[in-house]
Amino acid sequence: MRIEQGLGLSFWDFVCRWEDPEGRIALNYAPHFIFEDEPETKFVISLMHQESEYFKGTTRCRFLTEGSPDAEHPLGQARCGIYNFRPAACRVFPTKFDPANELAVIHDIPQRSRDGDDEIYDLCPRPWEPEDLDSVRPLHDLVIGRYEMQFFRNIAEIWNRNPRPWHVFPDFLRMVYSRRVVRQDELSQQDQTPKEDMQDSAVSAAEDRQVIPLETPRRHRRSA
Ligand code: SF4
């Protein structure tokens, strides 16, 4: 939602669904979604990838801005093209919470981000050190990232109870996220016993599937 609103893009410009039958992408962390048009397949929701401009046959995040290779940088230099709007998962890299949820821990980074022997997918040339990171920001990002991921898991649980086709998914998401801010009097009208967790309230609103359009405009029908 942040990318759509901040950059004026459509969901279909940058989001895709990846088949993940064995859970190798979700890794017991990201939720799986089921869709009515392919009910036997488990999907994860992801940013689109595109072929690299300079390294044909390899792919990169659609938002990675590539610089051309030169003598000093034979693999080129690249940066996030949507840095201020990047997803929570990107913001927390390379940290995770410690078991007590009090400290940010730099997790073990694999040498390569994908299987295979293409060096373009190599990750950090040296281990990250605490000095590389701000001392406050990673904790803030981790707290937000944890909240958003739990919210997204709740969305998946509700969606998967009664899967609809992929092409109505963004309307469902927009509706759920638009319900995350309400007036206090509206909240008491909805429920005489205000819920402690606003997240539950927003997600439960999604259970009214009647508000989800069954058809979307043609320009939104592109499938990834
Ligand atoms: S930080 Fe995230 S959004 Fe930005 S280029 Fe990397 S993967 Fe893409």
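Residues numbered from 1 in each chain as written. Predicted model: local features only at pLDDT ≥ 70, side-chain atom pairs only at ≥ 80, totals over all residues.

### Points about helix α4 (residues 137-161)
So, step 1. With 25 residues, α4 ought to run about 36 Å at 1.5 Å a step, and its terminal C-alpha atoms sit 37 Å apart, in line with that.
So, step 2. Turning to α4, its buried residues are Pro138, Leu142, Gly145, Ile155 and Trp159. (Helix = DSSP H or I, 4+ residues; strand = E, 2+ residues; numbered from the N terminus. Expected span 1.5 Å × (residues − 1). Buried ≥ 20, exposed ≤ 12 C-beta atoms within 10 Å, placed from the backbone.)

### Remarks on the pairing of strand β3 (residues 38-47)
So, step 1. Pairing between strand β1 (residues 15-19) and β3: five bridges, direction antiparallel. For Glu19, the partnering residue across the bridge sits in β3 and is Phe43.
So, step 2. Strand direction decides the pairing type here: strand β2 (residues 33-35) and β3, joined by two bridges, are antiparallel. Residue pairing for β3: Phe35 is matched across the bridge by Glu38.
So, step 3. Hairpin geometry of β2 and β3 is characterised by an intervening segment of two residues between the two adjacent antiparallel strands. (Pairing = 2+ DSSP bridges.)

### Some thoughts on the environment of Pro170
So, step 1. On the secondary structure map, Pro170 appears in helix α5 (residues 169-178).
So, step 2. When the C-alpha atoms of Pro170 and Val15 are compared, they prove to be 9.5 Å apart, with 155 residues separating the residues in sequence.

### What about the sheet that holds β3?
So, step 1. Here three strands make up an open sheet; going across it, the order is β1-β3-β2 and the pairing antiparallel. Two strands close off the open sheet at either side, each with one partner strand: β1 and β2. In this sheet, adjacent strand axes meet at a mean angle of 50 degrees when their direction is disregarded. (Axes fitted to C-alpha atoms, helices over the stretch in contact; angles between N-to-C directions.)

### Let's talk about the site of the ligand
So, step 1. Taken together, Leu47, Cys61, Phe63, Leu64, Cys80, Ile82, Arg86 and Cys90 form the complete shell of residues around the ligand.
So, step 2. Along the lines of polarity and charge, the residues of the shell around the ligand split into seven nonpolar, no polar and one charged. (Near = placed C-beta within 6 Å. Nonpolar A, V, L, I, M, F, W, Y, C, P; charged D, E, K, R; others polar.)

### Topic: the confidence of the model for the protein chain
So, step 1. Here the protein chain averages 86 in pLDDT, while 84% of its residues score no lower than 70.
So, step 2. Summarising per-element confidence for the protein chain, the mean pLDDT is lowest in helix α7 (residues 198-205) (51) and highest in β2 (98).
So, step 3. Every residue in residues 193-199 scores below 50 in pLDDT, and together they form seven contacts with partners more than four places removed in sequence or on other chains.
So, step 4. A low-confidence stretch, residues 209-224 (pLDDT under 50), is modelled with 23 contacts involving residues beyond four sequence positions or located in other chains. (pLDDT = per-residue confidence, 0-100. Contact = placed C-beta atoms within 7 Å.)

### Some points on α5
So, step 1. For α5, the complete set of buried residues consists of Phe169, Leu173 and Val176. Along α5, the residues classed as buried sweep out an arc of 65 degrees about the axis, all on the same side. (Arc of directions from axis to C-beta.)

### Regarding the nonpolar core
So, step 1. In this structure, Phe33, Phe43, Val44, Ile155, Trp159, Phe169, Leu173 and Val176 together form the largest nonpolar core, which totals eight residues.
So, step 2. Residue assignment for this core shows that the elements contributing at least two residues are β3, α4 and α5.
So, step 3. Among the elements that take part in this core, α5 stands out by supplying three residues, more than any other. (Core = buried A, V, L, I, M, F, W, Y, C linked by C-beta atoms within 7 Å.)

### Quick look at unusual backbone geometry
So, step 1. In this structure, the amide linkage connecting Phe93 to the following residue, Pro94, adopts the cis form with an omega of 5 degrees.
So, step 2. Looking at the secondary structure, you find Pro94 in the loop between α3 (88-92) and β8 (95-97).
So, step 3. Positive phi, normally seen in glycine, also occurs at Leu27, with a value near 50 degrees.
So, step 4. Tracing the chain through its elements places Leu27 in the loop between β1 and β2.

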